[in-house]
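Observations on the three-dimensional arrangement
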Amino acid sequence: MRCAICSRQARGYGWFNARLPRHDPARCSHRWVFCSRRCQNVFCRLMHKTEGRMVDPTELELAAMHACLGPLGECVASIGMDRPLADYSQAEVLRLIEVVVDAYQAHMLEEHERLAALDRAHWEARLSRVTAGLGPGGAR
């Protein structure tokens, strides 16, 4: 079994959801095993903070989700808007997933590159002021 945090081999540390009744099969999961107390503590803090729910997406993630809507609509239109999702073939569902994942990743990559360029420009300007003898604030 692999650690749920770092993927190293698990060594007997586990986690259960004390909020669920003892007879609930979701109370204990074999997916939640850990290699060390450190990884177990990280998971426990996350579960207590989020109460086992998904963490709210960031603004960047929400923007990436919205960027998926256009490609998703085009894909569904090419498959056929009149067909319910249950009638899609496996290949069509996989194509749908690929379109959404590709659009999401492309948006995230573009945004991270844009933010990195802004950071680079900021630090290059600051470095040029320092090397010109102006100091960090721009004054001598």
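Residues numbered from 1 in each chain as written. Predicted model: local features only at pLDDT ≥ 70, side-chain atom pairs only at ≥ 80, totals over all residues. Heavy atoms only, no water.

Along the backbone of the protein there are four helices and two strands. Tracing the protein from N to C terminus, the helices and strands come up as β-β-α-α-α-α. For the protein, buried positions account for 21% of its 140 residues. A fraction of 48% describes how many contacts in the protein between residues 6 or more apart in sequence connect residues 24 or more apart. Split by element, the accessible area of the protein, about 10,700 Å² in all, is 58% carbon and sulfur. (Helix = DSSP H or I, 4+ residues; strand = E, 2+ residues; numbered from the N terminus. Buried < 20%, exposed > 50% of the residue type's maximum accessible area, 1.4 Å probe, protein only. Contact = heavy atoms within 4.5 Å. Areas by Shrake-Rupley, 256 points an atom, 1.4 Å probe, with all protein chains shown as cover.)

Bringing the side chain of Q40 into the picture now. As for its placement among the helices and strands, Q40 is situated in helix 1 (residues 37–50). With a relative accessible area of 13%, Q40 lands in the buried category. Those residues in contact with Q40, other than ones at most four positions away along the chain, are Y13, G14 and F34.

The full count for this structure, using the stated rule, is two salt bridges. Between R83 and E92 there is a salt bridge, with the nearest N and O atoms lying 2.9 Å from each other. What makes E92 buried here is its relative accessible area of 18%. With a closest N to O distance of 2.9 Å, R114 and E111 form a salt bridge. One end of the pair, R114, and the other, E111, are both in helix 4 (residues 90–131), three residues apart, so they sit about a helical turn from each other. Owing to a relative accessible area of 42%, R114 belongs among the partly exposed residues under this scheme. Looking at E111, the relative accessible area reads 19%, which means it is buried. (Salt bridge = Lys/Arg side-chain N within 4 Å of Asp/Glu carboxyl O.)

Mapping L96 onto the fold places it in helix 4. Considered as a pair, L96 and P71 are 25 residues apart in the sequence and their alpha carbons are 9.1 Å apart. If we skip the residues at most four places from it in the chain, L96 touches L72, C75, V76, L85 and Y88.

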